[in-house]
Amino acid sequence: VAVALADDDPCGRTRAAGNPAALVMPRLDRGDTAAAAFHRAAWLFALDAYAPLTGDGYDPCGVLERPRDEAHAARLADLASDPPLPSELLQPGPDGAGLFHIPGGIAEPAIVLERGSAGARRLPPGRIARLALDNGIWTAWDGTGREIWRGGNVILACGADALPQIEDLAPSTIQRARGQLSMATDPQAKGAVAAGAYALGWRGRLIFGATFDPLDAGADPEPVNDADHARNLAALTRLDPGRAEGLSPERLWGRVSVRATTQDRLPLAGAEALPGLYRLGGLGARGFTVAPLCAEIIASLICTEPAPVEARVRAALDPLRFLRRKALSRVDARKDPA
């Protein structure tokens, strides 16, 4: 498959993920819901995807998931008492509290993106202003009206951004959130720990956070500020007091980005309303854990191969699910006017 990548970032990757490190850890739920099945499958798929990068772009140092409150502690204890995964993947925390995700760890986004897109052709940096479908062929134009690409399939992987013409056709219901990450120089920082907030030791830095604040559509996120460094530092103190010793907001630096989430906190991965149009987005705070499987789902659709997940999981990720639910609610309302 010949792949072309369009990105308005000159480096071709900052828009995808500009953080220096990313946490790779599963979300485990009790029960047999479509969401629980998806997150288990995504976790196992991500481990296979990152295994070739071990020692370079991925460190399988393990992730200690600590309880963030009493309810979370009870949930983790329940999972530890009857693990939904084999013991080589999941064990109780070393102090008897929480969970230790044995093959979890830290990914370096720059390397993951470089390796993952090595076979693709990069279009000149710029924003696609318009897409059109004619006789099964998609055409893309830039803001000057210049045609820059033609092909049979389009995957919209735009995060919190989208083309207005596509949004008018099939609104994605993407919700935006501002996230600030904090960093400090710490040559001794190692490993990964998480409890809502997270802390990573990576290449001589302690990386921790992050804030998660709703952001209105079209609004620009505020730049990095000391107030949010202080919030991240308070979360780090609760998470791992030893790592927070000696740090102050004035000694930290960081990065702000916009996270894209959905109403039900599941990604968008699948076909859109027009032939050859697909969407991948709404990855929220677990992008590097769920993205590999979401991408494989779309690739299997394009190549008419068997799906890597069962039908109910594909339906749970369907980009048009919110429109369908809205339409069904209207039908139900007509049946029962009272």
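Above this note sits the structure.
Procedures and definitions
Numbering of residues begins from 1 in every chain and follows the order in which that chain's sequence is written. Given that the model is predicted, a residue must reach a pLDDT of at least 70 before its local features are reported, and side-chain atom pairs must reach 80 or more before they are shown or counted; all residues, however, enter totals for whole chains, interfaces and linings. Hydrogens and water are ignored here; the side-chain numbers use all heavy atoms of the structure. Per the convention used, a helix needs a DSSP run of H or I reaching at least four residues, while a strand needs a run of E reaching at least two, with both numbered from the N terminus. What a helix is expected to span follows from its residue count: subtract one and scale by 1.5 Å. Exposed residues in this analysis have more than 50% of their type's maximum accessible area, buried residues have under 20%, and partly exposed residues fall in between, with area computed by a 1.4 Å probe over protein chains only. By arc we mean the arc of the directions from the helix axis to the C-beta atoms, nothing more. By the convention used here, residues are in contact when the closest approach between their heavy atoms is within 4.5 Å. In the analysis that follows, any N or O atom pair within 3.5 Å is treated as a polar contact, provided that within protein one partner can donate a hydrogen and the other can accept it, and provided that, for residues neighboring in sequence, both atoms belong to side chains. Here, a strand pair is defined by DSSP locating no fewer than two bridges between the strands. Note on definitions: salt bridges are taken to be side-chain nitrogens of Lys or Arg within 4 Å of carboxyl oxygens of Asp or Glu.

A. Looking closely at helix H5 (residues 226–239). If you check H5, its first and last C-alpha atoms are 19 Å apart, about what 14 residues at 1.5 Å a residue would give, namely 20 Å. Within the sequence span of H5, burial applies to Asp 228, His 229, Asn 232, Leu 233, Ala 235, Leu 236 and Leu 239. Within H5, the buried residues cover an arc of 160° as seen down the axis, which keeps them to one side. Exposed and oriented more than 90 degrees from the buried face of H5 are Ala 227 and Arg 238. Close packing links the buried residues of H5 with strand E13 (175–185), strand E14 (192–195), strand E15 (197–202), strand E16 (205–209), helix H6 (241–244) and strand E18 (253–261). One side-chain oxygen of the residue at the start of H5 lies 3.2 Å from the amide nitrogen of Ala 227, identifying that residue as Asn 225.

B. Structural detail: the sheet that holds strand E2 (residues 22–24). Across the sheet, which stays open at both edges, the three strands sit in the order E2-E7-E3 with antiparallel pairing between neighbours. In the strand order of this sheet, the two ends are held by E2 and strand E3 (58–59), each with one partner. Two strands pair when backbone bridges link them, and E2 and strand E7 (residues 105–107) are joined in this way by three bridges, in the antiparallel orientation. When the bridges of E7 are listed, Ala 22 appears paired with Ala 107.

C. Spotlight on the pattern of salt bridges. Applying the stated rule across the entire model yields 19 salt bridges. Note that Asp 29 and Arg 27 form a salt bridge whose closest N and O atoms lie 2.8 Å from each other. A residue is classified by how much of its surface remains accessible, and Asp 29, at 17% relative accessible area, is buried. Of the charged contacts, one joins Arg 150 and Glu 147 as a salt bridge, the two residues approaching to 3.0 Å between their closest N and O atoms. Among the charged side chains, a salt-bridge network with shared partners connects Asp 32, Arg 40, Glu 310 and Arg 312.

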